[in-house]
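Below, each chain spelled out in residue letters.
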Amino acid sequence: MWTKEVTDMIIAGVGETLYMTLVSTLLGYAFGLPLGVLLKVSDKEGLKPNKLLYKILDVIANIFRSIPFLILLILLIPLTRFLVGKSYGTTATIVPLTIAAIPFIGRMVESSLNEVDPGVIEAARSMGASNWQIVIKVMLVEARTSLISGATIATGTILGYSAMAGTVGGGGLGDIAIRYGYHRWQADIMIVTVVLLVLLVQLFQTIGMMIANRLDKRK
Amino acid sequence: MSDILIQNVCKTFSTKEGEVQALKNVNLSIGSGDIFGIIGMSGAGKSTLVRCMNFLEVPSEGQVLIDGKSLGDFSEKELRKEREKIGMIFQHFNLLMQKNVLENVCFPLYIQGKKKPEARKKALELLEIVGLADKANAYPAQLSGGQKQRVAIARALASDPQILLCDEATSALDPQTTSSILELLKDINQKFQITIVIITHQMAVVREICTHVAIMKDGEVKEQGLVAEIFNHPKSQVAKELISRDTGADVEHVVTKPEIQSGEKIRIVFSENSAFEPVIANLVLIFHEPVNILKADTKNVGGVAKGEMILQFMKDSSNVAEMKEYLKEHGLEIGEAD
């Protein structure tokens, strides 16, 4: 059964999984990072407390995070069709993946920023820094180790979600695992794809932690 | 050079337990070039008061005037500009842990939009002044507490402030380091003519460097004036308490002052029964030789009042052995002094 076709398919699967995961993570951060910053800044202890804004963002983030990804995948089909032109395939999967990732990433960023010593922020204010400067030059810099380990976790989670997208023809390793392992009872192919998924998560985790540790100047 | 005027300042915080009045109608006048101490127990409101001086805390009532201009009249942008003239250092230093020493000192300059080469040049000069030029590339985590505070001082000086606010700046440091930091602050006050406000709960800090002092309790200033004046004639109850609690021990000096006489030192302890006789006076009369009293203190040891004194004999005195014998005969315990 290990024909060239199967091998090629698995290699393509790895490529598709990487493509979906990385693009979704990047897009997720493009929206999730500002979301996390806004949550932190508008919090009642934040730089510019705004109860209403915080509550709105808080509720939206919670709603999206509580919808199971498989359901979200189906709920978002009209949006996916509108943005990508079709509702299946690798590129189409990026839409629900990103939408699911944004609130998750926003929460991760918020909790990373909560770790920044309020004293350092106070010191920056005493020097005449604006809120914008405090976010860019103090909070994001001081929290960078935590932000990077957060990004590592986010990437792993999104990779896991991308495998679920296989159930609706999303492409990638998860798709292969479901089609061969579940529908055709070919356990060997499924095991190979699962092992590959595990290895990918491991790889992201190792690289992420290495970068985080190298950048940490606190020790 | 700048003066600070605090007029009828009140500050109320609303907490879950209700309203807390942190400052009650505070009036202070801090003159240009003063080293002004604000002392009180924790919870007295002194940290809130110092934060009103740069509007990190906005007073609920009253005015804060810097050089005659009220901070309350400034727009947010003008206020940020004004803060550049008011440096601040903190108990826990509050350095950027992910940036090296040089970049920490450059930080306020970057905020003002200065270019990297210009900022670095200035930062290196300041590190020279605080004696840490060799640590420019170290990270805060690699420094001692005293060194971190020096970096914080260099950082506070980067924007050429006219006022330096110190919030318990020496409270996390050991006595020796405290003394060296105070020495540095004194130098800075003289060299740059910066007005310094020092918040502390240590009387020794006030005694060591302040020219003026305000004593706070329960959100109120109980007494203010020249340090010497208040030490000699404390009027308020809290001032009397603070002065009597002050052990008289100096924050250790880094450079020990040359001794007037370099003879042998001994530590003697008076018990209750020996305290009635003027032993030291008699000793001097009998041996016709002066002794130097370096320190005198009373301690409560297990409910019994014990007097302790450090004496120093004249250099090359031939009577030392006999003098010690005399003291022993008169019921004093003699020990070695370090």
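Definitions and limits used
- Residues numbered from 1 in each chain as written.
- Chains lettered and ligands numbered in written order.
- Predicted model: local features only at pLDDT ≥ 70, side-chain atom pairs only at ≥ 80, totals over all residues.
- Helix = DSSP H or I, 4+ residues; strand = E, 2+ residues; numbered from the N terminus.
- Buried ≥ 20, exposed ≤ 12 C-beta atoms within 10 Å, placed from the backbone.
- Contact = placed C-beta atoms within 7 Å.
- Nonpolar A, V, L, I, M, F, W, Y, C, P; charged D, E, K, R; others polar.
- Expected span 1.5 Å × (residues − 1).
- UniProt positions renumbered as here; feature names shortened; annotations may be inferred.
- Core = buried A, V, L, I, M, F, W, Y, C linked by C-beta atoms within 7 Å.
- Pairing = 2+ DSSP bridges.
- Axes fitted to C-alpha atoms, helices over the stretch in contact; angles between N-to-C directions.
- pLDDT = per-residue confidence, 0-100.
- Parallel < 35°, antiparallel > 145°, perpendicular 65-115°, else oblique.
- Left-handed = near helix turned anticlockwise from the far one by under 90°.

By the naming in an unreviewed UniProt entry, chain B goes by ATP-binding cassette domain-containing protein and is assigned to Blautia ammoniilytica.

Draft legend 1. The overall build of chain A, seen in detail. Each helix and strand in chain A was counted, giving ten helices and zero strands. Put simply, chain A runs from its N terminus to its C terminus through helices and strands in the order α-α-α-α-α-α-α-α-α-α. Projecting the C-alpha coordinates of chain A onto the three principal axes gives extents of approximately 70 × 40 × 25 Å. Taken over 219 residues, chain A has a buried fraction of 42%. For chain A, the proportion of contacts with a sequence separation of at least 24, taken over those separated by at least 6, is 70%.

Draft legend 2. Spatial organisation of the interface of chain B and chain A. Contact residues are listed per partner, giving 18 residues for chain B and 19 residues for chain A. Elements that contribute at least two residues to the side of chain B that touches chain A include exactly α2 (76-83) and α3 (101-111) of chain B. Taken together, the residues of the side of chain B that touches chain A break down into nine nonpolar, five polar and four charged.

Draft legend 3. Representation of helix α10 (residues 187-215) of chain A. Counted at 1.5 Å a residue, the expected span for α10(A) with its 29 residues is 42 Å, and the 42 Å between its end C-alpha atoms agrees. Buried-residue contacts for α10(A) involve α1 (4-42), α8 (144-164) and α9 (172-183) of chain A.

Draft legend 4. A look at the UniProt feature "domain: ABC transporter" (unreviewed entry) in chain B. Under the UniProt annotation, the feature "domain: ABC transporter" (unreviewed entry) is placed at residues 4-243 of chain B. Secondary structure content for residues 4-243 of chain B is 38% helix and 28% strand, and the end C-alpha separation is 26 Å.

Draft legend 5. Fine view of the nonpolar core. Of all hydrophobic cores here, the largest spans 129 residues; its most connected members are B:Ile38, B:Val105, B:Val197 and B:Ile198. Those residues in contact with B:Val105, other than ones at most four positions away along the chain, are B:Ala123, B:Leu126, B:Leu127, B:Val151, B:Ala154, B:Arg155 and B:Ala158.

Draft legend 6. Local environment of the sheet that holds strand β8 (residues 195-200) of chain B. All names here are of chain B. Spatially, six strands are ordered β6-β7-β8-β3-β9-β10 in an open sheet, and the strand pairing comes out mixed. Each edge of the open sheet carries a strand with a single partner, namely β6 (86-89) and β10 (220-226). Sheet twist, expressed as the average angle between the axes of neighbouring strands with direction ignored, equals 15 degrees. Pairing of strand β7 (residues 163-167) with β8, which is carried by five bridges, proceeds in the parallel orientation. In the sheet register, Leu-165 faces β8, and the bridge partner there is Val-197. Against the sheet, helix α5 (residues 145-157) touches β6 and β7, its axis set at about 170 degrees to β6.

Draft legend 7. Examining the environment of B:Gly145 more closely. Tracing the backbone through its elements, the reader meets B:Gly145 in helix α5. Spatially, the C-alpha atoms of B:Gly145 and B:Ile6 are 32 Å apart, while their sequence positions differ by 139 residues.

Draft legend 8. Fine view of the confidence of the model for chain B. All names here are of chain B. A residue-level look at chain B finds 91% of positions with pLDDT of 70 or above and a mean pLDDT of 87. Throughout residues 253-259 the model reports pLDDT below 50, and contacts reaching past four residues in sequence, or to other chains, amount to four contacts. Interface confidence for the predicted complex, given as ipTM, is 0.86, next to a pTM of 0.80.

Draft legend 9. Fine view of the sheet that holds strand β4 (residues 61-66) of chain B. All names here are of chain B. Strand order in the open sheet formed by four strands is β2-β1-β4-β5, with antiparallel pairing between adjacent strands. With partners counted over all chains shown, the strands left at the sheet margins are β2 (18-30) and β5 (69-70), one partner each. Direction of pairing for β4 relative to β5: antiparallel, over a ladder of two bridges. Bridge pairing in β5 links Ile-66 to Lys-69.

Draft legend 10. Representation of the packing of α9(A) against α10(A) within the structure. All names here are of chain A. Running from amino to carboxyl end, α9 crosses α10 at an angle of 160 degrees, the nearest separation of the two axes being 8 Å. Taken together, the axes of α9 and α10 lie roughly antiparallel to each other. Along this stretch, α9 crosses α10, giving a crossing that reads as left-handed. On α10, the residues that touch Leu-173, Ile-176, Ala-177, Tyr-180 and Gly-181 of α9 are Ala-187, Ile-189, Met-190, Thr-193, Val-194, Leu-196 and Leu-197. Classifying every residue of the contact of α9 with α10 by side-chain character gives ten nonpolar, two polar and no charged.

Draft legend 11. The arrangement of the pairing of strand β9 (residues 212-217) of chain B in detail. Residue and element names in this part refer to chain B. Burial runs high along β9: six of the six residues are buried. Residues His-212, Ala-214 and Met-216 point to one face of β9 and Val-213, Ile-215 and Lys-217 to the other, with burial holding for every one of them. Of the pairings in the sheet, the one linking strand β3 (residues 35-39) to β9 comprises four bridges and is parallel in character. The residue bridging Phe-36 from the neighbouring strand is His-212, located in β9. Here β9 pairs with β10 via six bridges, running antiparallel. Bridge assignment links Val-213 to a residue of β10, and that residue is Gly-225. In this structure, the hairpin formed by β9 and β10 is closed by a connection of two residues, where Asp-218 is found at a positive phi of approximately 50 degrees.

Draft legend 12. Local environment of helix α6 (residues 175-192) of chain B. With 18 residues, α6(B) extends 25 Å from end C-alpha to end C-alpha; this agrees with the ideal 26 Å at 1.5 Å per step. Phi turns positive, to about 55 degrees, at B:Gln193, one or two residues after α6(B).

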